[in-house]
Amino acid sequence: MGNKQEKFQKLLSKISEIINTNNKRIYKLLSICNLLHDSVDYYDWVGFYLLSEDKKGLNLELYTGEPTEHLNIPVGKGICGQVAESGKTLIIQDVTKEDNYLSCSINVKSEIVVPIFKNKEIIAELDIDSHAYSPFTEKDEIFLEKVCRIVARTF
Ligand code: SME
């Protein structure tokens, strides 16, 4: 297998293929969750939250990984809620050091949340939890922001 960058490049091609199919959006999103979860060993939980119509909360659309109790998250709460407010990718390399954090499982050690935009407005988020401390690098951030730009085409 090649390096991380090559791997991410191949995944971006596969994700574009998934988005370009005629399947319903929900199947596309689930395929992308599964692909990311199965391809990157430290992506232990992968899910998409959608911003509610009143823009006050995030609703879990679907995910791959352990079940979570956080199906609805108010804007401002937790890592996801902070990203809904700021519109900026947030990486928490050690969740025990973050006060505004909603725990899904004691196994989760770190998290990255990336906003998805349509017409410059945030409409959804990609959330990835890891069972490792500090696994996310700038390469993950760049890669996942590209993933989110591709995913935005299905909204
Ligand atoms: N940890 C998130 C909640 C969602 S779970 O990771 C699935 C947060 O603090 O927003």
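The following refers to the structure shown. (Residues numbered from 1 in each chain as written. Predicted model: local features only at pLDDT ≥ 70, side-chain atom pairs only at ≥ 80, totals over all residues. Heavy atoms only, no water.)

**Remarks on the overall build of the chain**
Item 1. The secondary structure content of the chain amounts to four helices and six strands.
Item 2. Ordering the α and β elements of the chain from the N terminus gives α-α-β-β-β-α-β-β-β-α.
Item 3. Its C-alpha atoms give the chain a radius of gyration of 14 Å, within 12% of the compact-globule value 15 Å for 155 residues.
Item 4. Buried positions account for 46% of the 155 residues belonging to the chain.
Item 5. Within the chain, counting contacts between residues at least 6 apart in sequence, those at least 24 apart form 52% of the total.
Item 6. Counting only carbon and sulfur atoms, one obtains 48% of the accessible surface of the chain, whose full area is about 8,300 Å².
Item 7. Once the 19 positive and 23 negative side-chain charges of the chain are each reduced to a mean point, those two points are 7 Å apart. (Helix = DSSP H or I, 4+ residues; strand = E, 2+ residues; numbered from the N terminus. Rg over C-alpha atoms; globule rule 2.2 N^0.38 Å. Buried < 20%, exposed > 50% of the residue type's maximum accessible area, 1.4 Å probe, protein only. Contact = heavy atoms within 4.5 Å. Areas by Shrake-Rupley, 256 points an atom, 1.4 Å probe, with all protein chains shown as cover. Lys, Arg positive; Asp, Glu negative; His and termini not counted. Charge placed at Lys NZ, Arg CZ, Asp CG, Glu CD.)

**Concerning the site of the ligand**
Item 1. Lining the immediate surroundings of the ligand are 13 residues, of which Cys 80, Leu 102, Cys 104, Glu 111 and Asp 129 lie closest.
Item 2. In the model, an oxygen atom of the ligand is placed 2.9 Å from a nitrogen or oxygen of the Ile 79 main chain.
Item 3. Here an oxygen atom of the ligand and a backbone polar atom of Cys 80 are 2.8 Å apart.
Item 4. Within the complex, 100% of the 300 Å² of free accessible area of the ligand lies under protein.
Item 5. The set of elements that each furnish at least two residues to the shell around the ligand consists of strand S1 (45-51), helix H3 (78-86) and strand S6 (121-130). (Near = heavy atom within 4 Å. Polar contact = N/O pair within 3.5 Å; in protein donor to acceptor, adjacent residues only side chain to side chain.)

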